[in-house]
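Here are the chains, one letter per residue:
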Amino acid sequence: QKLASLNSNETSAIVQAFSGIDEEIDYLIVDSAAGISNSVVTFMQASQHRLIVLRDEPSSIADAYGIIKVLVKDYNLEQIYIVPNMVESQASGYALFKRLNDVCHKFLGHPIKYLHSITHDEHMLAAAKNHQSVIEYAPGGNASRRSEEHTSELQSPMYLVCRLLLEKKKSEEN
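What counts, and at which threshold
Residues numbered from 1 in each chain as written. Predicted model: local features only at pLDDT ≥ 70, side-chain atom pairs only at ≥ 80, totals over all residues. Heavy atoms only, no water. Patch = residues over 30% accessible without salt bridge, like charges linked within 9 Å, V, L, I, M, F, W, Y side chains within 5 Å. Areas by Shrake-Rupley, 256 points an atom, 1.4 Å probe, with all protein chains shown as cover. Salt bridge = Lys/Arg side-chain N within 4 Å of Asp/Glu carboxyl O. Helix = DSSP H or I, 4+ residues; strand = E, 2+ residues; numbered from the N terminus. Buried < 20%, exposed > 50% of the residue type's maximum accessible area, 1.4 Å probe, protein only. Core = buried A, V, L, I, M, F, W, Y, C linked by side-chain atoms within 4.5 Å. Contact = heavy atoms within 4.5 Å. Axes fitted to C-alpha atoms, helices over the stretch in contact; angles between N-to-C directions. Parallel < 35°, antiparallel > 145°, perpendicular 65-115°, else oblique. Left-handed = near helix turned anticlockwise from the far one by under 90°. Nonpolar A, V, L, I, M, F, W, Y, C, P; charged D, E, K, R; others polar.

Colleague: Now, about a nonpolar patch on the surface: what can you tell me, with residues and values included?
Modeller: Together, F18, I21, I25, L28 and V30 make up a nonpolar patch on the protein surface, roughly 380 Å² of accessible area in all. Along the chain, F18 falls in helix α1 (residues 8–19).

Shown next as structure tokens:
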């Protein structure tokens, strides 16, 4: 709760601390609360790429559109990527992105980008509640099978996002 209610000075201090990291890193991912708080906007402003994770639910879509509108209209920010979460398939995730992108294009005059979808796996939430990786909790589940294709250390869907960002960076460099 404390992180969700940071004032602008506290949020700026955290952003400054990130800037002071001496080690070379490819990506630093900041997971913030949903909505349009000052801290969320400050973190988004400080980011090179902005990932909006949403579900196919009215409140989630409204929150996503709201933050996108503020980022585009008030701060003229680019590099906004959509990551549909808990969708049935990549196709349904892309369809959710397409609906939101059409609205953004029509009303904001600014398209957004699709990164990748995170498909629903009933074991993911249960594993998190049990403080276990999904591989330990449900070795035969969808997320476990996907993770074995990529790594045996998958702890959350954020691994997928990191991997996709790195792949995107490599493709942009070529």
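Colleague: Tell me about the environment of A33, and name the residues and values.
Modeller: Mapped onto the elements, A33 comes out in the loop between α1 and α2 (38–46). Judged by its relative accessible area of 43%, A33 falls in the partly exposed class. For the pair A33 and S5, spaced 28 residues apart in the sequence, the C-alpha separation amounts to 9.9 Å.

Colleague: Kindly report on the nonpolar core, identifying the contributing residues and their values.
Modeller: One finds I52, I67, I68, I80, I82, L100 and I112 to be the most contacted residues of the largest nonpolar core, which totals 20 residues. Each residue touching I80, except ones within four places of it in the same chain, is listed here: R50, I52, I68, L71, V72, I112 and K113. Grouped together as the second largest cluster of nonpolar side chains are five residues, L51, Y81, L115 and I118 included.

Colleague: Which residues make up the pattern of salt bridges, and what values go with them?
Modeller: Here the structure, examined in full by the defined rule, presents three salt bridges. A salt bridge links R55 to E57; its shortest N-O distance comes to 3.6 Å. Judged by relative accessible area, R55 falls into the partly exposed class, the value being 35%. Across the salt bridge formed by K98 and D102, the nearest N and O atoms sit 3.1 Å from each other. Note that K98 and D102 are positioned in helix α4 (residues 90–108) at a spacing of four residues, about one turn of the helix. For K98, a relative accessible area of 40% translates into the label partly exposed.

Colleague: Break down the packing of helix α3 (residues 58–74) against α4 for me, with residues and values.
Modeller: Look at α3 against α4: their axes get within 11 Å of each other, and the N-to-C directions meet at 40°. Taken together, the axis directions place α3 and α4 in an arrangement best described as oblique. When the axes of α3 and α4 are compared, the crossing they make is right-handed. In this structure, α3 uses I61, A64, Y65, I68, K69 and K73 to contact α4, whose residues at the interface are L96, R99, L100, V103, C104, F107 and L108. Of the residues belonging to the contact of α3 with α4, the class tally is 10 nonpolar, no polar and three charged.

These results come straight from atomic positions and should not be treated as a statement about function.
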